[in-house]
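Structural overview for review
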Amino acid sequence: MQGYTEADYENSVIELFKNDLGYEYAYGPDIERDFYSPLYEEILIDSLYRLNRELPDDAIQDALFKLKNFENGELVQKNAVFMDYLQNGIEVRYTDNGEERSAICYLVDYANTNNNSFIAANQWTFIENDEKRPDVLLFINGLPVVLMELKSPSREETDASEAYTQIRNYMHSIPSMFIYNAICVMSDLSENRAGTITSGEDRYMEWKTKDGSYENTQFAQFDTFFEGIFQKDRLLDILKNFILFSNEGLTSYKILAGYHQYFAVRKAIESTKKATVTDGKG
């Protein structure tokens, strides 16, 4: 690994998303956009219209306004509102023939994976309290739902723990980016872990299987981790069904299911479906 730099590793991750997982690629400096917005707004607006063809323009604009304007509060509260939007859609209001109506504007098409935009981006500058460039961002329909911090596997003095520290620093420097975050990743090639905005370092979890049929028992290998979580169908399933908030006293925790929990639930659901078909009980 000597001489294998963070830039090399970043490029390897980008290549995996492009070639193996079928994501589009965006190089931040090439994209004309507002550096003070964490959203990939051109893609977001296009996606809102594509996914909600039956809604009039003012309904789409209401959804966009709500996505950009959250009530004052803690980051976790704002993120909880966003996750509800992401999982269930945004309630919007519009006028039809002089009457006010309401509808749901959806941010993701969970039933048709290919109806969504998946983009892996790097060198994506965002300016808030400071100017920062997270290593890799994954945008779904223009929303930066995954942030990855990568560390060089060749530098002995750095490891995935430093990536965790960097992510926590980002949350102070560019907090608005994390309103829209579903999953955070820290990785140094040999150690790859995923967590949420409330996860302590010890709660960042490995993902040791691509499809549930076997496990890499020591460490989650580089490709196993990324292909295990970020296959398009699976990522949508995780976003919709396997991220939740738990309240303990006055503190709210955001929880991402581990790979063993994910595949156990999926297996149980499939077993229930089969039982329902064969004997009518489920």
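Our subject is the structure that appears above.
Below or above, wherever it landed, is the structure these notes cover. All values reported here derive from a predicted model rather than from experimental measurement.

A few words now on the overall build of the chain. Secondary structure summary: the chain contains eight helices and 12 strands in total. Here the chain holds 282 residues, and 49% of them are scored as buried. Sequence separation of 24 or more characterises 63% of the internal contacts of the chain that already satisfy a separation of 6 or more. Counting every atom, the chain has about 14000 Å² of accessible surface; 44% of that belongs to carbon and sulfur.

What follows covers the pairing of strand β9 (residues 183-187). Of all five residues in β9, five are buried; the element is thus mostly enclosed. Of the two faces of β9, the one holding Ile183, Val185 and Ser187 and the one holding Cys184 and Met186 are both buried throughout. The pairing of strand β8 (residues 143-150) with β9 spans five bridges and is classified as parallel. Across the sheet, the residue bridging to Leu147 is Cys184, located in β9. Both β9 and strand β10 (residues 192-195) contribute to a ladder of four bridges, which runs antiparallel. Of the residues in β10, the one forming a bridge with Ser187 is Asn192. The loop that links β9 with its antiparallel partner β10 comprises four residues; one of these, Leu189, has a positive phi angle of about 80°.

Across the sheet, six strands lie side by side as β1-β4-β7-β8-β9-β10; this open sheet has mixed pairing. The open sheet has two free edges, formed respectively by β1 (24-27) and β10, since each of these has just one partner strand. Strand after strand, the sheet turns through a mean of 20° between neighbouring axes, direction not considered. Relative to strand β7 (residues 136-140), strand β4 (residues 118-122) runs antiparallel, the two being bridged by five bridges. Looking across to β7, one finds that Ala120 is bridged to Leu138.

Quick look at the environment of Ser246 now. Here Ser246 shows up in strand β11 (residues 243-248). Here Ser246 falls in the partly exposed class, since its relative accessible area comes to 23%. Setting aside its immediate chain neighbours within four residues, Ser246 contacts Thr251, Ser252, Tyr253 and Ile255.

Attention shifts here to the packing of aromatic side chains. Counted under the stated rule, the structure contains 18 aromatic pairs. Relative to Phe230, the ring of Phe17 has its centre 5.7 Å away and its plane inclined at 50°; by these criteria the two rings are tilted. A residue pair is termed long-range when its members are at least 10 positions apart, and Phe17 in helix α1 (residues 6-20) and Phe230 in helix α6 (residues 222-230) qualify at 213 residues. The pair formed by Phe17 and Phe230 is uniform in burial state, with each residue classed as buried. Ring centres of Phe70 and Tyr180 lie 6.0 Å apart, and the angle between their planes is 75°; on these two criteria the pair is classed as edge-to-face.

Applying the stated criterion to the full structure yields 11 salt bridges. Close ionic contact of Arg50 with Asp46 constitutes a salt bridge, the shortest N to O distance being 3.1 Å. On the criterion of helical spacing, the pair formed by Arg50 and Asp46 is a turn pair, its members being four residues apart in helix α2 (residues 41-51). The exposure class of Arg50 is buried, given its relative accessible area of 19%. In this structure, Asp96 and Arg101 form a salt bridge, with 3.0 Å as the shortest nitrogen-oxygen distance. Residue classification places Asp96 among the partly exposed residues on the basis of a relative accessible area of 30%. Through salt bridges with shared partners, one network takes in Asp96, Glu99 and Arg101.

Right, let's get into the side chain of Asn141. As for its position among the elements, Asn141 is in the loop between β7 and β8. The exposure class assigned to Asn141 is buried, which follows from its relative accessible area of 0%. A distance of 3.5 Å separates a polar atom in the side chain of Asn141 from a polar atom in the side chain of Ser47. Beyond its immediate chain neighbours, meaning those up to four positions away, Asn141 contacts Ile43, Leu44, Ser47, Arg50, Leu51, Leu107, Val108, Asn116 and Ser117.

Calculation rules
The residue count restarts for each chain, going from 1 along the sequence in the order it is written. Given that the model is predicted, a residue must reach a pLDDT of at least 70 before its local features are reported, and side-chain atom pairs must reach 80 or more before they are shown or counted; all residues, however, enter totals for whole chains, interfaces and linings. Side-chain figures throughout are based on the complete set of non-hydrogen atoms in the structure, without hydrogens or water. In this description a helix means any DSSP run of H or I spanning at least four residues, a strand means any run of E spanning at least two, and both kinds are numbered starting from the N terminus. Three exposure classes are used, based on accessible area relative to the maximum for each residue type with a 1.4 Å probe and protein chains only: buried under 20%, partly exposed in between, and exposed over 50%. Only heavy atoms matter for contacts: two residues are in contact if any of them lie within 4.5 Å across the pair. Throughout, the Shrake-Rupley method with a 1.4 Å probe supplies accessible areas, and for residues the shown protein chains are the sole cover considered. A pair of strands is treated as paired once DSSP finds two or more bridges between them. Only the stretch in contact is used when a helix axis is fitted, and all axes are lines through C-alpha atoms; the angle between N-to-C directions ranges over 0 to 180 degrees. Two rings belonging to Phe, Tyr or Trp (six-membered ring only in the last case) form a pair when the distance between their centres is within 6.5 Å. Interplanar angles under 30 degrees mark stacking, angles over 60 mark edge-to-face geometry, and anything in between is tilted. Whenever Lys or Arg places a side-chain nitrogen within 4 Å of a carboxyl oxygen from Asp or Glu, that contact is recorded as a salt bridge. We define a polar contact as two N or O atoms separated by no more than 3.5 Å, with the added condition that, inside protein, one atom must be a possible hydrogen donor and the other a possible acceptor, whereas residues neighbouring each other in sequence contribute only through side-chain atom pairs.

Any functional reading would require information that these geometric values do not contain.
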